[in-house]
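Commentary on secondary and tertiary structure
If you want the building blocks of each chain, they are given just below.
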Amino acid sequence: MRKTISVITAFFAASAFAAGTYPSEEIVSYSPSVSFILHEDESPVEDSDSNAFAPFLPGFNAGPEGSEPDEFLDEASAIDNMIDSIAEATQIDTVEIDMTQAALPLESTRITSPFGFRHYRIHKGIDIGLRRGDTIRASFPGRVARVRYERRGYGRYIVLDHTGCGVTRTVYAHLSKQYVKVGQIVKAGEVIGLGGSTGRSTGPHLHFEMRVGDTPLNPNDYFDFANHTFVQEKIKLPSVVFEGEYAALQKEASKHRYHKVRRGDTLGKIARKYHTTVSRLRKLNGLGKKSILRIGRIIRCS
Ligand SMILES: [Zn+2]
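Residues numbered from 1 in each chain as written. Predicted model: local features only at pLDDT ≥ 70, side-chain atom pairs only at ≥ 80, totals over all residues. Heavy atoms only, no water.

Per an unreviewed UniProt entry, the chain goes by LysM domain-containing protein and derives from Hallerella succinigenes.

A few words on the packing of aromatic side chains. Counting across every chain of the model gives five aromatic pairs. Between Y172 and F208 the ring centres are 5.5 Å apart and the planes differ by 45°, which places this aromatic pair in the tilted class. Of this pair, Y172 sits in strand β9 (residues 169–178) while F208 sits in strand β12 (residues 205–212), and the two are 36 residues apart along the sequence. With a relative accessible area of 0%, Y172 lands in the buried category. Residue F208 is classed as buried on the basis of its relative accessible area of 0%. (Phe/Tyr/Trp six-rings, centres within 6.5 Å; stacked < 30°, edge-to-face > 60°. Helix = DSSP H or I, 4+ residues; strand = E, 2+ residues; numbered from the N terminus. Buried < 20%, exposed > 50% of the residue type's maximum accessible area, 1.4 Å probe, protein only.)

This part covers the pairing of strand β16 (residues 234–238). Of the two faces of β16, the one holding I235 and L237 is buried and the one holding K234, K236 and P238 is not buried anywhere. Pairing analysis gives five bridges linking strand β1 (residues 94–98) to β16, with the strands arranged antiparallel. Across the sheet, D98 pairs through a bridge with K234, a residue of β16. (Pairing = 2+ DSSP bridges.)

Attention shifts here to the nonpolar core. Core analysis: the biggest nonpolar cluster contains 39 residues, and I97, M99, Y172, I192 and F223 have the highest contact counts within it. Every element with two or more residues in this core is listed here: β1, β5 (126–129), β8 (155–161), β9, β12, β16 and α4 (239–254). In contact with M99, not counting residues within four places along its chain, are F140, Y222, F223, F230, Q232, E233 and I235. In terms of nonpolar packing, the next biggest core, distinct from the first, is built from nine residues, L267, I270, L287 and I299 among them. (Core = buried A, V, L, I, M, F, W, Y, C linked by side-chain atoms within 4.5 Å. Contact = heavy atoms within 4.5 Å.)

Throughout the structure, instances matching the rule amount to four salt bridges. Across the pair R211 and E209 runs a salt bridge whose closest N-O atoms are separated by 2.7 Å. Overall, E209 belongs to the buried group, its relative accessible area being 0%. (Salt bridge = Lys/Arg side-chain N within 4 Å of Asp/Glu carboxyl O.)

Let us look at the environment of D93. Tracing the backbone shows D93 in the loop between α3 (77–85) and β1. Residues D93 and P238 lie 145 residues apart in sequence; the distance between their C-alpha atoms is 5.8 Å.

The terminal C-alpha atoms of α4, which comprises 16 residues, lie 22 Å apart, in line with the 22 Å expected from a rise of 1.5 Å per residue. Of the residues making up α4, those classed as buried are S239, F242, Y246, L249 and A253. Seen from one end, α4 has its buried residues packed into an arc of 115°, which puts them on one side. With respect to the buried face of α4, the exposed residues turned more than 90 degrees away are V240, K251 and S254. Packing partners of the buried residues in α4 comprise β1, β3 (116–118), β4 (121–123), β12, β13 (215–217) and β16. (Expected span 1.5 Å × (residues − 1). Arc of directions from axis to C-beta.)

Attention shifts here to the pairing of strand β11 (residues 191–195). The element β11 is extensively covered by neighbouring structure, given that five of its five residues are classed as buried. With three bridges connecting them, strand β6 (residues 135–137) and β11 associate as antiparallel partners. Among the inter-strand pairings, R137 is bridged to a residue of β11, identified as V191. Bridge analysis of β9 against β11 gives three bridges, and the strand direction is antiparallel. Bridge pairing in β11 links L175 to G195.

Further remarks concern unusual backbone geometry. Phi angles above zero are rare outside glycine, and H174 is one such case at about 70°. By secondary structure assignment, the location of H174 is in strand β9. For H275, which is not a glycine, the phi torsion comes out positive at approximately 55°. Mapped onto the elements of the fold, H275 is located in the loop between α5 (267–273) and α6 (278–285). A relative accessible area of 73% means that H275 is categorised as exposed.

With respect to the element layout, R280 can be found in helix α6. The exposure class assigned to R280 is partly exposed, which follows from its relative accessible area of 39%. Considering only alpha carbons, one finds R280 and R300, 20 residues apart in sequence, at a separation of 9.9 Å.

Our focus in this paragraph is the side chain of S176. On the secondary structure map, S176 appears in strand β9. With relative accessibility at 4%, the residue S176 sits in the buried group.

Take a look at the structure:
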């Protein structure tokens, strides 16, 4: 049962102009006939932190362009923990995700990095490539929980809390502009910021997360980004299913252990630390006898 999401433009038109919170040059022209997205103009958005961390430490896979570098997922765990810590303890048996209340967070449909296990961490959201300055919208009605800047992580990001639509939290990261304040009530489809490449990012993209309590969901299971619609109007999810799926993902991730090479490290030292052998480390990481162990490189240890 597919249905185009077009509910949001009216909300936006009303709220954005009534609130009067946008700098004049960022007010976008609005046409009721446009079913979804209002394009920002192409003028460059000032974004001094863009790609501040590129190039990354030697030895890293850069990750797909318009994504986070692989290393980011390591660094981001602290931020994840912080976001996790503001999740209220919830006892949920079954949750119903109500997509009739939802709006796509952006127009672009170019997914640059999927949800799930990636190299050595779980990617708790999806990355969608965008043009710097593209409009970013609240994907469900809710309240602004965080508006922050994390230079080494999500860059400029916004966390929204939701009630009544199944999803309890969404995260929008690497923004160039944040237009909302903590405590503000937002409607689905309301503009909350502009896309960018702040924080650890290899190019302009939105890192988008959907969570129920502490458990991240794969946004692709709910939004049909390619067709600007949603997968199903309402999706009933027993908690054992979505929590079980995530637990399986964590179990998979925990099978692999990684080590970030520090000054003074040798393969022998690392092997002892991880209760393995030098030859096993060489094999896991494709290291030859003459390979140099660069500081900052992440090597797989199990
Ligand atoms: Zn991401």
